[in-house]
Every structure is written in structure tokens, then in C-alpha cells.
Amino acid sequence: MKYLTLLFGLILLSPLASLNPDYFAAAQNPPLVPVEYNRPGFWIARHPAPDSLIMDQAAIQRFNLSAIQSGNCFSLDYADLTALAPTLKKLMQNNLNYAKEKGKYDLMGKPIAKSFWADITQNMKIEAYPDTANLRFAFPLHFTNQRVVPHRYALLSVADDPDFDYLQNSGADLGDPTVIYHESADGLWLFGVNRASAGWYWKADMCLVSYQQWLSYKDASAFVTTISEKSDLWLDAEGSKYYGFIRMGNRLPLLGHTGNYYKVALPGEDSEIAYVSVKDVYLQYLPYTPRFLYQQAFKLLNAPYGWGDLNAEYDCSGLIKQLFQCFGIHLPRNGAQQHQVASKILSFAKEDSSTREALIAKHAQAGSSLLRLPGHIMLYLGSVDGTAYVLHGIWGMRTPLSRDKDAVIVLNKALVSDLSLGEGSKKKSLLMRLSGISIVDNEYEEE
């Protein structure tokens with residue numbers, strides 16, 4: 001409870017008018033940690049070897065292959081893509097069942113009619129899904145949503161909870177290699193996969209290309225990786241004709257260098273070009289060291305929370321996925337799967353809080369370990385005086401409101417905290433809900 005008392009003492013809590021009255025909004029940034037903890041330099045200075053290479057590119061490629069072999073990431077090799085086709089038919093049906101279970105209300109709070117689901121089912125035409133793969137190849141032309149079923153508008157599980165659209169599966173950035181397996185009956189949607197997840201794309205947002213063009217763009221030997229939280233793309237070398245933006249951790253084929261900009265290729269048949277500031281990108285991938293990882297992670301500090309990448313923002317697992325892409329590491333979209341593909345260090349039983357803090361300090365690797373609990377995943381920054389600190393995208397935290405009820409303080413951003421958040425609530429603290437520690441390093445051996 002050490003920061004919760006401070007939190008209530010220093011911020012004004014106001015009920016969210018459109019939400020449950022037990023939800024509150026923080027009127028200013030809550031002082032969850034000392035201010036210096038919000039700087040990458042603080043953690044870099046504490047790390048015993050901030051410039052040591054955690055994995056080189058050869059090891060990273062082995063890690064990525066292991067993630068594919070585990071079934072948690074998708075291979076983009078042609079033979080594997082063909083073999084995947086039958087599995088995706090079942091996945092589409094499972095997604096439809098999930099959407100029916102979770103999508104109970106529209107944004108106006110009106111219950112969803114059975115006829116709605118009949119229309120969605122007809123449009124998905126799962127029964128017409130081909131038994132053998134007829135692959136098409138595509139890239140998003142700009143950031144786009146990947147949906148659970150082919151429907152553009154939000155469906156809610158709770159009538160007054162608009163931050164959680166249960167039809168939102170993930171987001172996809174410009175140039176993200178995508179393989180298309182199926183098309184909706186109305187011709188407006190495409191069902192496909194990228195490395196991290198599978199779902200439905202709005203067809204107008206996608207650029208379909210030949211297989212050779214797809215390979216050439218995806219595997220370009222000269223490329224840059226975007227390293228800003230979001231980077232602007234321009235159609236001229238003066239930075240005056242805006243094209244759009246691209247989020248952290250994406251690669252673009254490099255065509256040249258002019259002044260303060262790199263010339264990069266846009267996906268498409270006509271080989272369009274764009275310009276991106278040299279400050280926003282890195283040639284090839286960043287070296288996977290604690291220093292670079294801290295620097296990248298803190299660029300995401302205070303980024304707004306976005307469930308399933310809604311509005312091109314980041315939830316807990318989306319933040320982790322985009323962060324590690326800066327190093328060429330491909331993680332799944334789901335936090336539980338991210339923990340699965342990383343090297344397991346420790347699983348928690350029923351240790352008390354002091355034992356758990358000691359175990360984290362002993363076993364977790366600062367700057368490259370993930371702390372996992374059901375429904376949430378966090379980047380471990382390190383421990384200070386026996387207290388573990390994490391950077392994570394978080395929507396809200398619970399705290400006791402009365403003997404029988406919790407309040408939820410809506411934080412709605414990426415922040416640094418210890419693991420006491422939620423202490424005293426019915427769900428318990430983050431610390432006591434931890435299920436395990438992993439490290440993004442397939443060559444790690446626990447002592």
C-alpha cells in the first residue's frame with residue numbers, strides 16, 4: 001500500500017460519468033515512483049553490463065524459429081503457409097464463438113441482436129473456406145486494425161465500458177508482411193496472418209502484390225527499423241508533404257539517403273517512395289543490449305493505452321511486441337504466448353510478498369525479463385532496495401473502496417511502477433498475482 005496512500009493523497013479522483021460509479025479517473029499523473037525512475041539512464045547506470053549483447057542476430061533468428069515451432073508465432077515461409085490453411089478454418093470459427101460470447105453491446109449500450117450474428121456468420125462464409133490454400137500476399141498501406149470478425153465497429157462486453165472493443169484483435173503497421181487466405185462474402189474484408197496473429201483486415205487498407213514483390217519487400221537486405229514511438233513519413237525530402245506514420249519496431253526497405261532523411265520504399269505495385277527522418281530510424285536492427293532496450297522502452301513511457309492496439313496505441317502485450325521488434329525479435333501478440341516463447345526462469349507458487357520480491361531480484365534479468373500474471377505482462381527494469389520495478393502498459397489499478405467493494409483508478413497509459421498496485425483489493429496486488437518470470441533469450445541458462 002506504500003504508493004496507494006500517496007496516490008489518493010496527491011491526486012484528485014473524479015467519477016467517470018459514463019462508466020461504472022466505482023471507476024475513477026486520475027486528474028494528474030500519479031506519483032507512483034520517484035521521478036528519476038522514469039528515466040532510462042537511472043536503470044542503465046544500475047545495470048551490471050548495460051552494453052553486453054544479450055543475443056546476436058544469429059541467436060535472434062534461432063529464437064524466432066523456436067517461437068514458430070512452438071506454435072505461438074506464424075512462419076512466413078511458403079511451405080509452412082500452405083500447411084497452415086486447415087488450421088485457420090478452425091481458428092475463424094473459434095474467433096466467431098469468442099466474439100459472440102464477448103460482444104454483447106454496441107457503443108450506445110444496446111444489446112446485440114441474434115440477427116447481427118447471423119449476418120456476420122454469412123459474411124464470413126466459413127463453409128466456403130478452401131480446403132487447399134489459395135494464398136495471396138499483401139501489406140497494409142498504413143496502420144490498420146486486425147479484427148476478430150469482419151465488422152468495423154466496437155462491440156462491448158459491458159455496456160458502459162467503451163475502452164474495450166472485443167472485436168479488436170490487434171493492429172498492423174504499414175509494410176507488415178501479411179498472407180491472405182480468405183475473403184468475406186461482401187468482398188470488403190480479407191482474412192489473413194502476419195507473424196504475430198491472425199484476423200480480418202479491411203480490404204481497402206491492404207495492398208495485394210505478387211509473391212515475388214512480397215518477398216522482395218519483406219526480405220530487403222538494406223532496410224531501416226523505426227525506433228521512435230511513432231515516426232512520420234513524408235512524400236518529399238523536405239518533410240512538407242505528409243504521407244502518414246508508422247509505429248516503433250517496423251522495418252522499411254532502404255533506398256537511399258538525402259540530407260536529414262532516409263529514402264524508403266512504400267509497399268505497392270508502383271514502388272512508391274517515402275522519406276523518414278534519420279532520427280526516427282536505425283540502419284538494420286538495433287543491437288540487443290540492455291542499454292538499447294531501456295532507451296527504447298522509455299520512449300513508450302506515457303504512451304496512451306490502446307486495447308488490442310486501438311487507435312494505433314499499445315496495450316501491455318502490444319507494447320512488449322513492438323519494443324522487441326526493434327531488435328528483430330518476433331514475439332506473439334498475446335502476453336501469455338509471449339511468456340511461453342521466452343525462456344522460463346521461475347514459476348510462482350504461494351510465496352509471501354517478501355519472498356517473491358527476493359526471488360525476482362535473484363532470478364530476473366533486468367532489462368530483458370518479462371513478468372507475467374493472468375491477463376497482463378510487464379518488462380522488468382530492476383530492483384531497488386529489494387523492490388521490483390516494471391514498465392508496462394496499463395489501463396487501470398484496483399484499490400479498496402469499502403469493505404465489500406474495490407475502486408478502479410483509470411491510468412490509461414504506459415508507466416513505471418512497483419508491484420504493489422492493487423494491494424488490498426479483491427484481486428490482490430500485481431506481486432501476489434504473478435505467475436512467472438521469463439527472459440527473452442533462448443540461450444539463457446539459469447544458474
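1. Things to note about the overall build of the chain
Thinking step 1. Counting its regular elements, the chain contains 11 helices and 22 strands.
Thinking step 2. By principal-axis analysis of the C-alpha atoms, the chain measures approximately 60 × 55 × 45 Å.
Thinking step 3. Taking all 447 residues of the chain together, the buried fraction comes to 54%.
Thinking step 4. Carbon and sulfur atoms provide 51% of the accessible area of the chain, an area that totals close to 19,400 Å².
Thinking step 5. Treating the 41 positive side-chain charges of the chain as one cloud and the 45 negative ones as another, the clouds have centres 4 Å apart.

2. Here's the deal with unusual backbone geometry
One can expect most non-glycine residues to show negative phi and most peptide bonds to be in trans.
Thinking step 1. At glutamine 284, a position not held by glycine, the phi torsion is positive, near 65°.
Thinking step 2. The topology assignment puts glutamine 284 in the loop between β16 (281-283) and α7 (290-299).
Thinking step 3. Even without being glycine, lysine 428 reaches a positive phi, approximately 80°.
Thinking step 4. Tracing the backbone shows lysine 428 in the loop between β21 (406-418) and α11 (430-433).
Thinking step 5. The class for lysine 428 is exposed, based on a relative accessible area of 52%.

3. Some words on helix α10 (residues 353-363)
Thinking step 1. Taken together, the buried positions of α10 are occupied by Arg356, Glu357, Leu359, Ile360 and His363. Buried residues in α10, looked at end-on, bunch into an arc of 165°, giving them a common side.
Thinking step 2. In this structure, the buried residues of α10 make contact with β17 (343-347), β18 (369-373), β19 (376-384), β20 (387-400), α11 and β22 (436-439).

4. Some points on the packing of helix α4 (residues 78-102) against helix α5 (residues 114-124)
Axes are the key here: two packed helices are described by the angle between their axes and the distance separating the axes.
Thinking step 1. The contact between α4 and α5 brings their axes to 12 Å, and the two run at 165°. In terms of their interaxial angle, α4 and α5 are classed as roughly antiparallel. In the packing of α4 onto α5, the handedness of the crossing is right-handed. On the side of α4, the interface is formed by Met92, Leu96, Ala99 and Lys100, while α5 contributes Trp117, Ile120, Thr121 and Met124.
Thinking step 2. For the contact of α4 with α5, the residue count by class is six nonpolar, one polar and one charged.

5. Focus: the environment of asparagine 442
Thinking step 1. Mapped onto the elements, asparagine 442 comes out in the segment after β22.
Thinking step 2. As a C-alpha pair, asparagine 442 and tryptophan 43 span 399 residues in sequence and 23 Å in three-dimensional space.
Thinking step 3. Beyond its immediate stretch of four places on either side in the chain, asparagine 442 contacts Met55, Ala59, Arg62, Phe63 and Ser343.

6. Some thoughts on the confidence of the model for the chain
Caution applies to low-pLDDT parts of the model: their predicted coordinates are not meant to be read in detail.
Thinking step 1. Predicted confidence across the chain gives a mean pLDDT of 91, with 92% of residues reaching 70 or more.
Thinking step 2. Ignoring residues within four places in sequence, the model shows residues 1-21, a span with pLDDT below 50, making 50 contacts including any to other chains.

7. Quick look at the packing of aromatic side chains
Thinking step 1. What the rule picks out here adds up to 23 aromatic pairs.
Thinking step 2. Among the aromatic residues, ring-to-ring pairing joins Phe164, Tyr166, Tyr305, Trp307 and Trp395 into one connected group.
Thinking step 3. Between the NZ or CZ atom of arginine 251 and the centre of the ring of phenylalanine 223, over which it lies, the distance is 3.6 Å.

8. Observations concerning the side chain of serine 343
Thinking step 1. Following the sequence through the fold, serine 343 ends up in strand β17.
Thinking step 2. Looking at serine 343, its side chain comes within polar contact range of the main-chain oxygen of aspartate 441, at 2.4 Å.
Thinking step 3. In contact with serine 343, not counting residues within four places along its chain, are Ile437, Ser438, Ile439, Asp441 and Asn442.

9. A closer look at the pairing of β20
Thinking step 1. Of all 14 residues in β20, 11 are buried; the element is thus mostly enclosed.
Thinking step 2. In this sheet, β20 lies alongside β19 in antiparallel orientation, the contact comprising five bridges. Paired with leucine 379 across the strands is leucine 391, a residue of β20.
Thinking step 3. Hairpin connection between β19 and β20: a loop of two residues separates the two successive antiparallel strands, and aspartate 385 in this loop has a positive phi of roughly 50°.
Thinking step 4. Bridge analysis of β20 against β21 gives 11 bridges, and the strand direction is antiparallel.

10. Observations regarding α5
Thinking step 1. Within α5, burial applies to Phe116, Trp117, Ile120, Asn123 and Met124. Along α5, the residues classed as buried sweep out an arc of 125° about the axis, all on the same side. Seen from the buried face of α5, the exposed residues on the opposite side, beyond 90 degrees, are Lys114, Asp119 and Gln122.
Thinking step 2. Summarising the contacts, the buried residues of α5 are in contact with α4, β6 (178-183), β7 (189-193) and β8 (198-202).

Definitions and limits used
- Residues numbered from 1 in each chain as written.
- Predicted model: local features only at pLDDT ≥ 70, side-chain atom pairs only at ≥ 80, totals over all residues.
- Heavy atoms only, no water.
- Helix = DSSP H or I, 4+ residues; strand = E, 2+ residues; numbered from the N terminus.
- Buried < 20%, exposed > 50% of the residue type's maximum accessible area, 1.4 Å probe, protein only.
- Areas by Shrake-Rupley, 256 points an atom, 1.4 Å probe, with all protein chains shown as cover.
- Lys, Arg positive; Asp, Glu negative; His and termini not counted.
- Charge placed at Lys NZ, Arg CZ, Asp CG, Glu CD.
- Arc of directions from axis to C-beta.
- Contact = heavy atoms within 4.5 Å.
- Axes fitted to C-alpha atoms, helices over the stretch in contact; angles between N-to-C directions.
- Parallel < 35°, antiparallel > 145°, perpendicular 65-115°, else oblique.
- Left-handed = near helix turned anticlockwise from the far one by under 90°.
- Nonpolar A, V, L, I, M, F, W, Y, C, P; charged D, E, K, R; others polar.
- pLDDT = per-residue confidence, 0-100.
- Phe/Tyr/Trp six-rings, centres within 6.5 Å; stacked < 30°, edge-to-face > 60°.
- Lys NZ or Arg CZ within 6 Å of the ring centre and 35° of its normal.
- Polar contact = N/O pair within 3.5 Å; in protein donor to acceptor, adjacent residues only side chain to side chain.
- Pairing = 2+ DSSP bridges.

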